[in-house]
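Descriptive structure summary
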Amino acid sequence: MERWRIRVRGTVQGVGFRPFVYRRAVALQLSGRVGNDGEGVVVDVEGPRETLTALLHAVRSQAPALALVEQVAVERLPVTGDRGFVIAPTVTGAGTDVRVSADVAPCEACLRELGDADDRRFGYPFLNCTDCGPRYTIVRNVPYDRASTTMSDFPLCARCQQEYDDPADRRFHAQPTACPDCGPRLWWREEQGSAEGPSALDAAARVLGSGGVVAVKGVGGYHLACDAGDERALTLLRRRKNRPDKPFAVMVGDLSAAEELCVLSSSARAALTSLRRPIVLAPRRSRASVAPGVAPGLPELGVALPSSGLHVLLLAAVHRPVVMTSGNRSGEPLVHDDAEALDVLGPLVDGVLGHDRPIHVGVDDSVLRSAPGGRLQMTRRARGWVPQPVRLTVASPHPVLAVGAQLKSTVALARGNSLTVSQHLGDLDDWPTYGAFTSAIGHLIRLSGVQPTVVAHDLHPDYRSTAWAQESGLTRIGVQHHHAHVAACLVEHRITTKVLGIAFDGTGLGTDGTLWGGEFLLADLLDFERVGHLVPAQQPGGDAAVREPWRMALSWLHRALGPDVAAEHGARLDGRWAAVLSLVASGRSPETSSAGRLFDAAAALLGIRSIVSYEGQAAIELEACARKATASRTPEWDVDVRGSVLDPAPLLLGLVDGRSRGLGVDVLAAAFHRGLASGTARLAVDLAELHDVDTVALSGGVFQNVVFSDLLADQLRRAGLRVLMHEHLPPHDGSISAGQAGVAAARLATEGRRNA
Ligand code: ZN
Ligand code: ZN
Ligand code: FE
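Residues numbered from 1 in each chain as written. Chains lettered and ligands numbered in written order. Predicted model: local features only at pLDDT ≥ 70, side-chain atom pairs only at ≥ 80, totals over all residues. Heavy atoms only, no water.

**Here's the deal with the sheet that holds strand 3 (residues 40-47)**
Read across the sheet, five strands follow the order 4-1-3-2-5 without closing on themselves; strand pairing throughout is mixed. The sheet is open, and its two edges are formed by strand 4 (68-77) and strand 5 (85-87), each paired on a single side. Strand-to-strand twist across the sheet, computed as the mean angle between neighbouring axes with direction ignored, equals 15°. As judged from the seven bridges shared by strand 2 (residues 31-37) and strand 3, these two strands associate in the antiparallel manner. When the bridges of strand 3 are listed, N36 appears paired with V41. Sheet contacts for helix 1 (residues 17-27): strand 1 (2-11), strand 2, strand 3, strand 4 and strand 5; angle to strand 5, the most-contacted strand, approximately 175°. In this fold helix 2 (residues 49-61) packs onto strand 1, strand 3 and strand 4, with an angle of close to 0° to the strand it touches most, strand 1. (Pairing = 2+ DSSP bridges. Helix = DSSP H or I, 4+ residues; strand = E, 2+ residues; numbered from the N terminus. Axes fitted to C-alpha atoms, helices over the stretch in contact; angles between N-to-C directions. Contact = heavy atoms within 4.5 Å.)

Here's what the structure looks like:
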């Protein structure tokens, strides 16, 4: 006989881990106890050595679906002669290192009950079990227990309590479990009145069916919904939300309905039906039965399957594709508070469908983009992923908080080898988003129980995240923006050696005080050297040039082809061209080597988009055009590579020339992508050889463009280089916090070694 203490760290609370251990231990006739504490799950177990080994094996390799075991440690204890096996009550205490699970869509067993007229949870939207249900969005504190969630105000009825206490039951210790007798209730508010329970759902379905707009409370916040086939409803929604062009996502009842709208790869199907339930952007079918206003002019459509019991019921009642877009004022965070929903969203909609289970943390839908070849690209990392940790190869000796960039903000907390990246928060230019940023920091710290001593931040002094770091009183580590991009890619692929990083994005402050964004960096986690870049161009009007891509077109024409050509084409771009041209001629605008701005310039030159209504719109539409072109007729241009500088002037000449010869916009857009990709690849291959590296990491917002990414990656691979692309983190600034944390951890670890 031996007695072991098995300690399990990772995402092991709220995922049915204790019942899993209990059932195994009982089946193996072992005695002892299993419990949650501040560090995860602890099992004190007694029995013959071989049987204990069998239990240990099960803990390591057969954990429940939602669990993420990071570490299992075994310690010998004195034998006590215990009889029987029990689940111990939760111990609260300091030093918590508990991973709460991400939110999970209803499992198969719960869905069966939802549709079973004989089940007591038939048609009850809030059913869940140890395998599914809300988690991160309802947790207020750790250890994860009903009392620390927003379910604390719903005492279990006798039957639910019985299930909760029965080790043989699927709901054994399922913290958010509920039934129609004891759990949350639906409500409906509209001008003409209100309803509760099932009739609330009927009312919402009725309004949706008759062309109305409805606010619906989802897992991580409110959505605005309308019939996706009803152009009038869509126009109404766009006008009320003040969102003229940005595409909406569509929710459908099941996979076959999704297949009717989009062409889905097997990986896209797997992602859609996964319990994380992201939105998947995929090529739309020409006969897709959604109104054009859902995603105007774009060849892709965002589709999703129901992410909660409520959505399952609503989609079944409406029985057609429904637009589900974030319920917020333009640019602000998703509304997740009920009073705020009635106040802020109420005036925009014909009714609000809510319920009385509070959402503690607002979390957006995650978005994946389906790229050719079955590759999936993370576009927005939020519900279903957060707070699942990323593993750091270089452990941080001190807890590090990384505060990210300014746009597409996320924050991250590193402790040892474990890195938790927050949900997508939005743009910190907006004050309510800044509020979400500060509360995300507080929540990460509370859930991990770790007080950071070091803060990693961007070098840009005007970022609100940088200002927060400066005022935090913590030891600061500044990380250059594009180094953070490349580092995020290295963190994700667990690479610690030197690589050639290609960081192409909209903008970031360089170490020379100018704006960068088309960078070739020889980098590892510790440091970098800028070994190549895109030739800089003026950005006339600063930020105005981001909103008005025609300004960049004029600037590039002036730079590449001279003032005469710029003047000749100016009038086509915008009525204000003459003033901006003289601004460019004066040479007083800030210079930028941004690749993102170059894509903007090309889109404006081709007449695709000269003023944007959402970030990245011009580049997205340029890529959409390039995808429509048939490869065979594309002209071949190449960019100039002078030493370590990439000059795209020949591409701009090609675009101007091609237009004057009457070539199609699609063909020219494709030629631009190919030309820039082959020039970039040529310089990268040269630099890799010069600096003796065999791996290239691609990061930055430009790599959301799958046409450009795939062209470039193909050429690099053909030259024998290994290519790292983002998979689980987004290529854009949403992964800056992860990169900053990776750099800070590496620097602290090196410092620690030096001091030791
Ligand atoms: Zn379930
Ligand atoms: Zn109940
Ligand atoms: Fe960036």
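**Looking at the domain arrangement of the protein**
With domains assigned, the protein is organised as domain 1 (2-98), domain 2 (186-367), domain 3 (389-479 + 732-755) and domain 4 (537-679). Taking the mean C-alpha position of each, domain 2 and domain 3 sit 32 Å from one another. Contacts between domain 2 and domain 3 engage eight residues on the former and eight residues on the latter. Across the domain 2/domain 3 interface, buried area totals approximately 570 Å², and carbon plus sulfur atoms make up 58% of it. (Domains from an automatic or database assignment. Buried area = accessible area lost by both parts, 1.4 Å probe.)

**Some details on the coordination of the zinc ion (ligand 2)**
Only C157 (SG), C160 (SG), C179 (SG) and C182 (SG) from the protein reach the zinc ion (ligand 2) as donors, at distances of 2.2 to 2.3 Å. Around the zinc ion (ligand 2), the four donor atoms sit at angles spanning 104 to 117°, and that spread fits a shape best called tetrahedral. Donor residues binding the zinc ion (ligand 2) come from one chain and are separated in sequence as C-x2-C-x18-C-x2-C. (Donors = N, O, S within 2.8 Å, 3.2 Å for Na, K, Ca; no water. Tetrahedral: all angles 85-135°; square planar, octahedral: opposite > 155°, others 65-115°.)

**Section: the coordination of the zinc ion (ligand 1)**
Geometry sets the ideal angles at a metal, namely 109.5 degrees for four tetrahedral donors and 90 or 180 degrees for six octahedral donors. Protein coordination at the zinc ion (ligand 1) comes from C107 (SG), C110 (SG), C129 (SG) and C132 (SG), with a distance range of 2.3 to 2.4 Å. One can describe the site at the zinc ion (ligand 1) as tetrahedral: its four donor atoms subtend angles covering 101 to 119° at the metal. When the donor residues of the zinc ion (ligand 1) are listed from N- to C-terminus, their spacing reads C-x2-C-x18-C-x2-C. Remark: C129 occurs in the loop between helix 3 (108-114) and helix 4 (158-165) and C107 occurs in the loop between strand 5 and helix 3; sequence separation between them is 22 residues. In this structure, C107 and C129 share a single accessibility class: buried. (Buried < 20%, exposed > 50% of the residue type's maximum accessible area, 1.4 Å probe, protein only.)

**Some thoughts on the pairing of strand 15 (residues 367-370)**
Residue alternation in strand 15 divides its side chains into two sets, V367 and R369 and L368 and S370, and both sets are buried. Pairing analysis gives three bridges linking strand 11 (residues 279-283) to strand 15, with the strands arranged parallel. By the bridge assignment, V280 is partnered in strand 15 with L368. As defined by bridge partners, strand 15 adjoins strand 16 (residues 376-380) across four bridges and the pair is classed as antiparallel. Residue S370 lies in a different strand from strand 16, and its bridge partner there is L376. Adjacent in sequence and paired antiparallel, strand 15 and strand 16 are bridged by five residues, among which G373 carries a positive phi angle near 80°.

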